[in-house]
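As a plain string of letters, each chain reads:
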Amino acid sequence: MLTLENVGLVIGSGSSAKTLLEDINLQVGPGESLGLVGESGSGKSMTLRSILRTLPGGSVPSGSVRFRDREIPSLSREELRRFRAADVSMISQNPMAALNPVLRVERFLIEGIQAAKPRTSAAEARQTALGLLADVGIHDPERCLRSYPHQLSGGMLQRVVIAGSVARGSSLLLADEPTTALDVTTQSDVVAILNEARTEAGMAMIFVAHDLDLAAAACQRIAVMNKGRIVEAGPAGEVLGSPRHEYTQMLVASKPSLTRRTPLRPIPGEAAE
Ligand SMILES: Nc1ncnc2c1ncn2[C@@H]1O[C@H](COP(=O)(O)OP(=O)(O)O)[C@@H](O)[C@H]1O
Ligand SMILES: [Mg+2]
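Residues numbered from 1 in each chain as written. Chains lettered and ligands numbered in written order. Predicted model: local features only at pLDDT ≥ 70, side-chain atom pairs only at ≥ 80, totals over all residues. Heavy atoms only, no water.

Draft legend 1. How the structure looks around the environment of Ala-163. Structurally, Ala-163 can be placed in helix H6 (residues 154-167). With relative accessibility at 1%, the residue Ala-163 sits in the buried group. Separated by 24 residues in the primary sequence, Ala-163 and His-139 place their C-alpha atoms 14 Å from one another. Residues contacting Ala-163, with those up to four places away along its chain left out, are Leu-109, Leu-132, Leu-133 and Val-136. (Helix = DSSP H or I, 4+ residues; strand = E, 2+ residues; numbered from the N terminus. Buried < 20%, exposed > 50% of the residue type's maximum accessible area, 1.4 Å probe, protein only. Contact = heavy atoms within 4.5 Å.)

Printed below as a string of structure tokens:
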């Protein structure tokens, strides 16, 4: 469904030019999940933004970003608008960014449902919205529907945003550290809900995390990024269990473990933040 081939990204020009991505190759099919892992500044968000074409200064990546039969870098403005509205959903660390603060959850979901199926009546859409909220584990969907974003917790908001992606019928879900701002219990709930939505709606998902364990728990396959490149990719269990690349080995070795007795090792690399 989505294929990136030899994707590169250079930002700036002349002496200020900076290579942010180099030779990125990845693929994700319907219903599949890919975890993109690497420390802060390794280029994970830039990879997602290359797919959405929301790069700084309107930059366009080199190489091929193909969604179904379309080359994203060469879409017209109108085609790009349709791609973003109908095919792809972005879930970020901050769910507020996806919601309009002055609109109730009800409006957000009903608009999503009607965007996907324009002939749905408001009453039908409302019924569908209630079902979607129940699916993402919201206990009082009626009350949630009537709420404004600021009245909900981070975990509830993230659930609402996921329900919105399902409502719009997106076939590609880009999740950029969606659980970073949540407590650990809510984190695993949100991961479970994302995976349910993915398998039930047959969505393809790219899940970005700086935590290899979290990505391996959430995804079937893992790609490890370092300094704008993918250094290792494979089934989650293999990457975590027998990492081949030195950088992945360090990521595995540097995670705190209750059972490990060897001292923690620092990870060399560029930390951007
Ligand atoms: N607006 C920007 N202009 C130029 N470089 C940027 C910009 N935003 C981020 N970068 C750089 O791009 C690199 C990759 O960033 P990013 O993809 O956000 O990393 P990650 O998501 O893995 O933490 C970093 O070196 C960062 O400093
Ligand atoms: Mg990022």
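Draft legend 2. Main features of the sheet that holds strand E3 (residues 33-37). Pairing is mixed in the open sheet, where six strands are placed in the order E6-E7-E8-E3-E9-E10. Each having just a single partner strand, strand E6 (88-91) and strand E10 (229-235) make up the two edges of the open sheet. Going across the sheet, the axis of each strand differs from the next one's by a mean of 15 degrees, ignoring polarity. The pairing of strand E7 (residues 172-176) with strand E8 (residues 204-209) spans five bridges and is parallel. Looking across to E8, one finds that Leu-174 is bridged to Ile-206. Sheet strands touched by H6: E6 and E7. Its angle to E6, the strand with the most contacts, is close to 175 degrees. (Pairing = 2+ DSSP bridges. Axes fitted to C-alpha atoms, helices over the stretch in contact; angles between N-to-C directions.)

Draft legend 3. Quick peek at the nonpolar core. Ranked by internal contacts, the top residues of the largest apolar core, which has 48 residues, are Val-105, Leu-133, Val-160, Ile-162, Leu-194, Phe-207 and Ile-222. If one sorts the elements of this core by residue count, H6 sits on top with six residues. If sequence neighbours within four positions are ignored, Ile-162 has contacts with Ile-91, Val-136, Val-190, Ile-193, Leu-194 and Ala-197. Of all hydrophobic cores here, the second largest spans 29 residues; its members include Leu-26, Phe-67, Ile-72 and Leu-75. (Core = buried A, V, L, I, M, F, W, Y, C linked by side-chain atoms within 4.5 Å.)

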